[in-house]
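Results of the structural survey
Each chain is listed here by its residues.
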Amino acid sequence: SPKEAAETMKFIRDESNRLGLDMLQFGASFNKFAAAVDPKLIDKAGIKEIFSGVAEGVTAFSLTAEESGFVYRALTQIASKGKVSMEEVRRQMAEQMPNALRLFAAGMGVSVEKFEEMAKQGKLISQEVLPKFARAMHNEVLPVLDEMTDNMQANQNRMNNAFKTMADQLFKSGLNKAVTAFF
């Protein structure tokens, strides 16, 4: 619905600016993740909470757009498959964020070894694991988050986001038609 789309856009704009991330990449990654999650298993608020927790980790580790893409892709694949596999955790996420495996295990209240064993046995269900991982990530990076969101790259992203928002508002206002008609 238009109301849900507006709420999603507000979330994307607010979170990307809070974290100093590129709004277009953040939005594209969020939309893919949200589409991969079964809404009967995780509600909209839960989807946003999970994605925000992981995005905070992306910010805390100062990941590049390419590196964060690997993390978001792994998150989406885990949600899509319905189970956590070590391939996504170890090969995609943990290569970019070295604390990811430890935080997946901590979120579940088990050791890394036990977590790996549970994954091999197919016992780690995405909708149970992802919220706990996101909370563990949030708690881990919270002490450094303010510092990591106040740097030149984050502020440049915020400025670029503001320009994108302004251009979108001008387009919606019909200014593009007036300029086209003038020329």
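No experiment lies behind these values; they were computed from the predicted model shown.

Cut-offs applied
- Residues numbered from 1 in each chain as written.
- Predicted model: local features only at pLDDT ≥ 70, side-chain atom pairs only at ≥ 80, totals over all residues.
- Heavy atoms only, no water.
- Core = buried A, V, L, I, M, F, W, Y, C linked by side-chain atoms within 4.5 Å.
- Buried < 20%, exposed > 50% of the residue type's maximum accessible area, 1.4 Å probe, protein only.
- Helix = DSSP H or I, 4+ residues; strand = E, 2+ residues; numbered from the N terminus.
- Contact = heavy atoms within 4.5 Å.
- Patch = residues over 30% accessible without salt bridge, like charges linked within 9 Å, V, L, I, M, F, W, Y side chains within 5 Å.
- Areas by Shrake-Rupley, 256 points an atom, 1.4 Å probe, with all protein chains shown as cover.
- Salt bridge = Lys/Arg side-chain N within 4 Å of Asp/Glu carboxyl O.
- Expected span 1.5 Å × (residues − 1).
- Polar contact = N/O pair within 3.5 Å; in protein donor to acceptor, adjacent residues only side chain to side chain.

Below, the discussion takes up the nonpolar core. Judged by nonpolar contacts, the single largest core of 48 residues is most densely connected at Phe33, Met93, Phe104 and Phe115. Of all the secondary structure elements, the ones that give two or more residues to this core are α1 (2-19), α2 (23-36), α3 (44-60), α4 (65-81), α5 (86-96), α6 (100-108), α7 (112-120) and α8 (126-148). For this core, the element with the highest residue contribution is α8, accounting for eight residues. Setting aside residues up to four positions removed in sequence, Phe104 forms contacts with Ile78, Val89, Met93, Phe115, Val129, Leu130 and Phe133.

In this fold, Ser173 is placed in helix α9 (residues 152-173). In the structure, Ser173 is positioned 128 residues away from Ala45 in sequence and 31 Å away in space, judged by C-alpha atoms.

Below, the discussion takes up a nonpolar patch on the surface. A contiguous nonpolar surface patch, about 380 Å² in accessible area, is contributed by Met159, Phe163, Met166 and Leu170. Judged by relative accessible area, which is 43%, Met166 ranks as partly exposed.

Among the structural elements, Pro98 can be located in the loop between α5 and α6. In this structure, the C-alpha to C-alpha distance between Pro98 and Glu117, residues 19 residues apart in sequence, is 19 Å.

Between its terminal C-alpha atoms α2 stretches 20 Å, which fits the 20 Å expected from 14 residues at 1.5 Å a residue. All buried positions along α2 are accounted for by Met23, Phe26, Gly27, Ser29, Phe30, Phe33 and Ala36. The inward-facing, buried residues of α2 abut α1, α3, α4, α8 and α9. At the N-terminal boundary of α2, the capping side chain belongs to Asp22, with an oxygen 3.2 Å from the backbone nitrogen of Leu24.

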